[in-house]
Amino acid sequence: MWLFSPPPPPHPGPPGPPPARFEISTRTVQRDLQALMQTGVPVRTTPGRGGGWSIAPEMTLPPIHFTTDEASALTAAFATADASTPYASAARTAAQKIAASMTGPASTAARTLAARIVTLPTRSGSEVRTAVEQALTNNLALRLSYTDAAGHQSNRIVEPAGLLTAEGRWYLIAWCRTRRAGRGFRLDRITAATPTDEQAQPHNLADLLLGSTAATAVRPAALASLTPSRPRP
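About the cut-offs
- In this convention, every chain numbers its residues from 1, walking through the sequence in written order.
- Confidence filtering applies because this is a predicted model: local features only for residues at pLDDT of at least 70, side-chain atom pairs given and counted only at 80 or more, and all residues used for totals across whole chains, interfaces and linings.
- By convention in this description, side-chain values take in all heavy atoms of the structure and omit both hydrogens and water.
- Should DSSP find at least two bridges between two strands, the strands are regarded as paired.
- Each helix is a run of DSSP H or I of at least 4 residues and each strand a run of E of at least 2, with the numbering of both proceeding from the N terminus.
- The angle between two axes is taken between their N-to-C directions and runs from 0 to 180 degrees, where each axis is a line fitted to C-alpha atoms and a helix contributes only its stretch in contact.
- Contacts were defined at the residue level, with two residues in contact if any of their heavy atoms lie within 4.5 Å.
- Buried means the residue's accessible area, taken with a 1.4 Å probe over protein chains only, is under 20% of the maximum for its type, while exposed means over 50%, and partly exposed covers the values in between.
- Here a polar contact is taken to be a pair of N or O atoms separated by no more than 3.5 Å, where protein atoms must pair a possible hydrogen donor with a possible acceptor and residues adjacent in sequence count only if both atoms sit in side chains.
- Any carboxyl oxygen of Asp or Glu that lies within 4 Å of a side-chain nitrogen of Lys or Arg is treated as forming a salt bridge with it.
- The arc in question is the one traced by the directions running from the helix axis out to the C-beta atoms.

Asker: Is there a simple way to explain the sheet that holds strand β6 (residues 181-186) in this structure?
Answerer: Sheet strands line up and pair through hydrogen bonds in the backbone, either parallel or antiparallel. Taken in spatial order, the five strands line up as β6-β5-β4-β3-β7 in an open sheet, and their pairing is antiparallel. Of all the strands in the sheet, just β6 and β7 (190-199) have a single pairing partner and so form its edges. When strand polarity is set aside, the average angle formed by the axes of neighbouring strands in this sheet is 45°. Examined bridge by bridge, strand β3 (residues 140-147) and β7 share six bridges and lie antiparallel to one another. Considered in β7, the bridge of Leu144 is made with Ala193. Along the sheet, helix α6 (residues 126-138) makes contact with β3, β4 (153-166), β5 (169-176) and β7, crossing β7 at roughly 25°.

Asker: Looking at this structure, how should I read the pairing of β3?
Answerer: Consecutive side chains of a regular strand alternate in pointing toward one face of the sheet and then the other. Of all eight residues in β3, six are buried; the element is thus mostly enclosed. Taking the residues that link successive antiparallel strands as the turn, the β3-β4 hairpin has five residues, and the phi of Gly151 there is positive, at about 90°.

Asker: Help me understand the side chain of Arg129 in this model?
Answerer: With respect to the helices and strands, Arg129 occurs in helix α6. Overall, the relative accessible area of 8% leaves Arg129 in the buried class. Within the structure, the side chain of Arg129 is placed 3.0 Å from the side chain of Ser89, a separation counted as a polar contact.

Asker: Before we go on, may I ask you to explain the pattern of salt bridges in this structure?
Answerer: Once the charged atoms of two side chains with opposite charge are near each other, the side chains can pair. Under the definition given, this model contains five salt bridges. Glu159 is the salt-bridge partner of Arg177, the closest N and O atoms lying 2.9 Å from each other. Taken together, the residues span a long stretch of sequence, with Arg177 in the loop between β5 and β6 and Glu159 in strand β4 at a distance of 18 residues. On the basis of relative accessibility, which here comes to 27%, the residue Arg177 falls in the partly exposed class. In this structure, Glu198 and Arg177 form a salt bridge, with 3.0 Å as the shortest nitrogen-oxygen distance. Taken as a pair, Glu198 in strand β7 and Arg177 in the loop between β5 and β6 lie far apart in primary sequence, 21 residues in all. Classification of Glu198 as partly exposed rests on a relative accessible area of 41%. Each of Glu159, Arg177 and Glu198 takes part in a single network of salt bridges with overlapping partners.

Asker: How should the environment of Ala161 be read in this particular structure?
Answerer: Its place among the elements puts Ala161 in strand β4. As a C-alpha pair, Ala161 and Ile173 span twelve residues in sequence and 5.7 Å in three-dimensional space. Beyond its immediate chain neighbours, meaning those up to four positions away, Ala161 contacts Leu136, Ile173, Ala174, His203, Leu205 and Leu208.

Asker: I tried to follow the environment of Gly184 on my own but got confused; where do I start?
Answerer: On the secondary structure map, Gly184 appears in strand β6. When the C-alpha atoms of Gly184 and Gly162 are compared, they prove to be 9.7 Å apart, with 22 residues separating the residues in sequence. Excluding its chain neighbours within four sequence positions, the residues that come into contact with Gly184 are Tyr146, Leu172 and Ile173.

Asker: It is not clear to me how helix α5 (residues 104-114) should be interpreted in this structure. Could you clarify?
Answerer: Because the α-helix completes a turn every 3.6 residues, residues three or four places apart line up on one side. Three or more residues of α5 are buried, namely Ala106, Ser107, Ala109 and Ala110. Here the buried residues of α5 occupy an arc of 165° about the axis, which is enough to place them on one side. Those residues of α5 that are exposed and aimed more than 90 degrees away from the buried face are Pro105 and Arg111. For α5, the elements touching its buried residues are α3 (68-79).

This is how it looks when you write it as structure tokens:
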């Protein structure tokens, strides 16, 4: 379909408007284009004969075929990306793109399961989550205000090393300049956070977890294909 791939070379004769060619309404085309642009996909317009809408080749993916079990697994995984989950906004747009690429039994399985999942909303400020994301992505020191389990409040500057998820909660693991040691900060207890302009020093996530209750934490098996393998001794 031309809408989701680079435009074909010009050919003699008018190609006709996309709605007529694909037996859909102009409103449907406009709605789909708007949905694409809202997810950050750059849509190009080519005027004149043979023109239309297209997406740059580097923004397209080869066909991906999911089994019904894989489609259901992705649906369940995306369902856990609530307001307190790091990169939740990006997860929603990723889910939209994957849903648009699914067809046949996989699409049916995903949509059927999605209609049978509900969640209790969590109270978490999107500003805090966004600040943590920016600090991690850009390797910046982070200024934060934190309330611990006893209700004590503190202000710190930390150097993020990574994220820990345990029992449905997310923690920022970082080097705390105040304590001069590795610390874990539960995201829903961070009351304010602002990335600084200062680059954070690199810290090994496993080293910061040593001696803590999370010292035995391991990388999720589902992410094995995304992480570099360690060289054999």
